[in-house]
Amino acid sequence: MLGNLWQYRPELGLRESLDLVGFEVDATDGKIGTVDEANNAVGESYVVVHTGPWIFGKKVLIPAGAVEHIDEDARTIHVGRTKEEIKKAPEFDEKTYRDTRYHDEVGGYYAGFPESR
């Protein structure tokens, strides 16, 4: 994945005021959950997705750079990864998910993928 993983792609035209909490999140092969938290800080943007029953109610952190499309009307975010790729991402930890080390680990994982599918 090229570019900055921790910022939304400029072509998304994301409004700073848009609250993504509650948006459904789709991987390339189906729904993975809903946005539980979103951070839009420059260079530190991500979404935390509550996966519901898909992976036993866990959460996953997805860097903003993995978001390929946001449909405001449908309240849906499309991520350019498969469900399996997201499931294999570093485990979410409620205590450390805002730490630089955790972001480095998640960033290293997602950086290994091509920019688009």
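Each remark here, short or long, concerns the structure printed above.
One structure accompanies this document, and this report is about it. (Residues numbered from 1 in each chain as written. Predicted model: local features only at pLDDT ≥ 70, side-chain atom pairs only at ≥ 80, totals over all residues. Heavy atoms only, no water.)

Remarks on the sheet that holds strand β5 (residues 67–71)
Right, so step 1: Pairing is mixed in the open sheet, where 6 strands are placed in the order β4-β3-β2-β1-β6-β5. At either margin of the open sheet sits one strand with a lone partner, and together these are β4 (59–63) and β5. This sheet shows a mean twist of 35 degrees between the axes of neighbouring strands, independent of strand direction.
Right, so step 2: Inspection of the sheet shows β5 paired to strand β6 (residues 76–79) by 4 bridges, in the antiparallel sense. Directly across from I70, in β6, lies its bridge partner I77.
Right, so step 3: Across the sheet, helix α2 (residues 100–111) is in contact with β3 (46–50) and β4; its angle to β4 comes to roughly 70 degrees. (Pairing = 2+ DSSP bridges. Helix = DSSP H or I, 4+ residues; strand = E, 2+ residues; numbered from the N terminus. Axes fitted to C-alpha atoms, helices over the stretch in contact; angles between N-to-C directions. Contact = heavy atoms within 4.5 Å.)

Everything listed here is a matter of geometry and, on its own, says nothing about what the molecule does.
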